[in-house]
Amino acid sequence: MAADRDRENRAEPRTSRFRLDQPRVPRTKLLPDYDPEAFGRLSERIARFLGTGRFIVWMTVVIILWVVWNIAAPDELRFDQYPFIFLTLMLSLQASYAAPLILLAQNRQDDRDRVNLEQDRKQNERSIADTEYLTREIASLRMGLGEVATRDWIRSELQDLVKELEEQHAVFPQERSRGSDVGDR
């Protein structure tokens, strides 16, 4: 009887296993979803802006205004006293975000360059194969043309024959003593 129960337990599929013919139940995620391509494009735009003269001018204007305000404004309106600790904190924060964004943009550019180089390499291989094929075709055409009678070759052969006939005519002039051959026959 115990053996029969063991057989029945083995034959029944377990309900704890997931089924392949049904979609999985989505799990809750701790991190928010984001599009990596959109984030990469945004980081490239920011990195491009950080590398412009416009950014340097705006950053210089903001720093000058910050320092002038915190020196010349009345004491109750100043938000960062002389050693400008808060300004230093803000610049450090900006730098801590700028560096990874620039690196991300450079990595994306490296990936694009790698893909472009691979495409260029394949295109060069195709061009080389096409050039070799055309070279072989031209060589076979030249070999085939070497055996074809050209107009210049035929002209030179005919000129040689005319010279030979003229030489024979000079050596063996025609005899006019008998009349024409047409009447004799």
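Quick note: structure is the one above.
Since this is a predicted model, take the numbers as computed values, not measurements.

**Student:** Before we go on, may I ask you to explain the overall build of the protein chain in this structure?
**Tutor:** Looking only at helices and strands, the protein chain features six helices and zero strands. Each helix and strand of the protein chain, placed in order from N terminus to C terminus, yields the pattern α-α-α-α-α-α. Within the protein chain, counting contacts between residues at least 6 apart in sequence, those at least 24 apart form 55% of the total. In the form shown here, the protein chain has an accessible surface area of approximately 17,700 Å², with 59% of it arising from carbon and sulfur atoms.

**Student:** Looking at this model, I keep getting lost on unusual backbone geometry. Mind explaining?
**Tutor:** Most of the time, phi is negative for any residue but glycine, and the peptide bond is trans. The backbone phi angle of Phe-84 is positive, close to 55°, even though this residue is not glycine. Inspection of the secondary structure puts Phe-84 in the loop between helix 3 (53-72) and helix 4 (85-146).

**Student:** How do you make sense of the packing of helix 2 (residues 36-50) against helix 4 when you look at a structure like this?
**Tutor:** Between two packed helices, the angle of one axis relative to the other and the distance separating the axes together describe the packing. Where helix 2 meets helix 4, the closest approach of the two axes is 8 Å, and the angle between their N-to-C directions is 115°. With respect to helix 4, the axis of helix 2 lies roughly perpendicular. The hand of the helix 2/helix 4 crossing is left-handed. Contact residues: helix 2 offers Pro-36, Glu-37, Phe-39, Gly-40, Arg-41, Ser-43, Glu-44, Ile-46, Ala-47 and Leu-50, while helix 4 offers Gln-94, Ala-98, Leu-101, Ile-102, Leu-104, Ala-105, Arg-108, Gln-109 and Arg-112. The residue inventory of the contact of helix 2 with helix 4, partitioned by class, reads 10 nonpolar, four polar and five charged.

**Student:** How should I be thinking about the packing of helix 3 against helix 4 in this particular structure?
**Tutor:** Running from N to C, helix 3 and helix 4 cross one another at 160°; their axes reach a closest spacing of 11 Å. Comparing the axis directions of helix 3 and helix 4 gives the class roughly antiparallel. Every pair of crossing elements has a handedness; the one defined by helix 3 and helix 4 is right-handed. Residues Phe-55, Met-59, Ile-63, Trp-66 and Val-67 of helix 3 pack against Phe-86, Leu-87, Met-90, Leu-91 and Gln-94 of helix 4. Its residues assigned to classes, the contact of helix 3 with helix 4 comprises nine nonpolar, one polar and no charged.

**Student:** Please clarify how the side chain of Glu-44 should be interpreted in this entry.
**Tutor:** Position of Glu-44 relative to the elements: it lies in helix 2. Contacts of Glu-44, omitting those with residues within four sequence positions, involve Ala-105, Arg-108, Gln-109 and Arg-112.

**Student:** How should helix 4 be read in this particular structure?
**Tutor:** Since one α-helical turn is 3.6 residues long, residues separated by three or four positions face the same way. Here helix 4 contains 62 residues, and its C-alpha end-to-end distance of 89 Å stays within 8% of the 92 Å for a straight helix at 1.5 Å per residue. Residues of helix 4 that are buried: Leu-87, Ala-98, Leu-101, Ala-105 and Arg-108. Check the buried side of helix 4 and you find it contacts helix 2 and helix 3.

**Student:** Which parts of the structure should I look at to understand a negative patch on the surface?
**Tutor:** Residues Glu-157, Asp-160, Glu-164, Glu-166 and Glu-167 make up a contiguous surface patch of negative charge. By secondary structure assignment, the location of Glu-166 is in helix 5 (residues 151-171).

What counts and what doesn't
Residues numbered from 1 in each chain as written. Predicted model: local features only at pLDDT ≥ 70, side-chain atom pairs only at ≥ 80, totals over all residues. Heavy atoms only, no water. Helix = DSSP H or I, 4+ residues; strand = E, 2+ residues; numbered from the N terminus. Contact = heavy atoms within 4.5 Å. Areas by Shrake-Rupley, 256 points an atom, 1.4 Å probe, with all protein chains shown as cover. Axes fitted to C-alpha atoms, helices over the stretch in contact; angles between N-to-C directions. Parallel < 35°, antiparallel > 145°, perpendicular 65-115°, else oblique. Left-handed = near helix turned anticlockwise from the far one by under 90°. Nonpolar A, V, L, I, M, F, W, Y, C, P; charged D, E, K, R; others polar. Expected span 1.5 Å × (residues − 1). Buried < 20%, exposed > 50% of the residue type's maximum accessible area, 1.4 Å probe, protein only. Patch = residues over 30% accessible without salt bridge, like charges linked within 9 Å, V, L, I, M, F, W, Y side chains within 5 Å. Salt bridge = Lys/Arg side-chain N within 4 Å of Asp/Glu carboxyl O. Lys, Arg positive; Asp, Glu negative; His and termini not counted. Charge placed at Lys NZ, Arg CZ, Asp CG, Glu CD.

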